[in-house]
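Here's the letter readout for the chains.
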Amino acid sequence: MSQDQTDGGGSGAGPPDHPELPEYAERVLDVAELIPPGRVMTYGDIAEWLGEGGPRQVGRVMALYGAAVPWWRVVRADGTLLPAHELRALEHYRAEATPLREASRLTEGHVPRIDMRRARWDGGHAKEGGPGDGGPGGPGGDGPGEEAHTGQLPPCAPGRSGPTRPRT
């Protein structure tokens, strides 16, 4: 992700001047906005649900345009926090009560990871209360854990043109 996502401003090195977001970028950002507080989806989860692209393409969209959405909810599959974004992301995770795995004393910087088994969202309807609510991915739930999510998000209409987001 780019520095734009942590400070809300750009260094001028953003995406090329286009009046509207590319359709794929709009679709990725739409999914990111659906992820409830306290939950996460991986780059690959989003690509799989969209049926297009892969983790790198989703990561590129998030790097260029992710500041307009809750970017900290789109994560690496292993739960590690993005270098140079750890502290800002941790603020969000703690505020949202996202399940974390505390780092061992041997881990450089003692930065925790996201507990993917408990925090990963499969796209089902979120219940009030976030993680630990017994919903998919939460304790007692039947979430996908480290496996791929079940693709339960509502279908995305091909060719849908939604509102454009302000670029950062």
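Residues numbered from 1 in each chain as written. Predicted model: local features only at pLDDT ≥ 70, side-chain atom pairs only at ≥ 80, totals over all residues. Heavy atoms only, no water.

Caption draft 1: A look at the packing of helix α2 (residues 23-34) against helix α3 (residues 43-50). The geometry of α2 relative to α3 is characterised by a closest axis approach of 10 Å and an angle of 115° between their N-to-C directions. Where α2 crosses over α3, the two elements pack in a sense that is right-handed. Only Ile46, Ala47, Trp49 and Leu50 of α3 make contact with α2, whose side of the interface consists of Tyr24, Arg27, Val28 and Val31. Along the lines of polarity and charge, the residues of the contact of α2 with α3 split into seven nonpolar, no polar and one charged. (Axes fitted to C-alpha atoms, helices over the stretch in contact; angles between N-to-C directions. Helix = DSSP H or I, 4+ residues; strand = E, 2+ residues; numbered from the N terminus. Left-handed = near helix turned anticlockwise from the far one by under 90°. Contact = heavy atoms within 4.5 Å. Nonpolar A, V, L, I, M, F, W, Y, C, P; charged D, E, K, R; others polar.)

Caption draft 2: Representation of the environment of methionine 116. Mapped onto the secondary structure, methionine 116 falls in helix α6 (residues 116-119). A residue is classified by how much of its surface remains accessible, and methionine 116, at 2% relative accessible area, is buried. For the pair methionine 116 and arginine 101, spaced 15 residues apart in sequence, the C-alpha to C-alpha distance is 8.9 Å. (Buried < 20%, exposed > 50% of the residue type's maximum accessible area, 1.4 Å probe, protein only.)

Caption draft 3: A look at the packing of aromatic side chains. In total, this model carries one aromatic pair according to the counting rule given. Relative to tryptophan 72, the ring of tryptophan 71 has its centre 5.8 Å away and its plane inclined at 85°; by these criteria the two rings are edge-to-face. Accessibility expressed as a relative area gives 12% for tryptophan 72, which makes it buried. (Phe/Tyr/Trp six-rings, centres within 6.5 Å; stacked < 30°, edge-to-face > 60°.)

Caption draft 4: Looking closely at the nonpolar core. By size, the foremost hydrophobic cluster in this structure holds 35 residues, and its most contacted members are Val28, Ile46, Val58, Met62, Val74, Tyr93 and Ile114. For this core, the secondary structure elements donating two or more residues are α2, α3, α4 (55-65), β2 (74-75), α5 (86-96) and α6. Discounting chain neighbours no more than four positions away, the residues touching valine 58 are Tyr24, Val28, Tyr43, Ile46, Ala47 and Val74. (Core = buried A, V, L, I, M, F, W, Y, C linked by side-chain atoms within 4.5 Å.)

Caption draft 5: Representation of unusual backbone geometry. Its identity is not glycine, yet alanine 84 carries a phi of approximately 75°, on the positive side. With respect to the secondary-structure elements, alanine 84 resides in the loop between β2 and α5. Given the relative accessible area of 60%, alanine 84 is considered exposed. With phi around 60°, alanine 97 is a residue other than glycine that occupies positive phi space. Among the structural elements, alanine 97 can be located in the loop between α5 and β3 (100-101). Overall, the relative accessible area of 51% leaves alanine 97 in the exposed class.

Caption draft 6: Representation of the pattern of salt bridges in the model. Within this structure, the stated rule accounts for four salt bridges. Across the pair arginine 27 and glutamate 52 runs a salt bridge whose closest N-O atoms are separated by 2.6 Å. Pair noted here: arginine 27 is in helix α2 and glutamate 52 is in the loop between α3 and α4, with a separation of 25 residues, a long-range link. For glutamate 52, a relative accessible area of 37% gives the class partly exposed. With its nearest N and O atoms 3.4 Å apart, the salt bridge here joins arginine 118 to aspartate 115. On the accessibility criterion, arginine 118 (27% relative accessible area) is partly exposed. Note on aspartate 115: relative accessible area 10%, which makes it buried. (Salt bridge = Lys/Arg side-chain N within 4 Å of Asp/Glu carboxyl O.)

Caption draft 7: Representation of the confidence of the model for the chain within the structure. When pLDDT is averaged across the chain, the result is 73; 60% of the residues are at 70 or more. This stretch, residues 1-14, has a pLDDT under 50; its non-local contacts, to residues over four places away or in other chains, come to 26 contacts. (pLDDT = per-residue confidence, 0-100.)

Caption draft 8: Structural view of empty space enclosed by the protein. A complete count under the given rule lists two cavities of 30 Å³ or more for this structure. Volume-wise, the largest cavity comes out at about 70 Å³. Taken together, 13 residues line the largest cavity, and the ones lying closest to its centre are Val74, Val75, Leu81, Leu82 and Tyr93. Residues that form the lining of the largest cavity fall into these classes: ten nonpolar, two polar and one charged. (1 Å grid on protein atoms, 1.4 Å probe; cavity = no way out; pocket = protein on both sides within 12 Å on 5 of 7 lines; lining within 4 Å. Points joined across faces, edges and corners; volume = space filled by probe spheres on them.)

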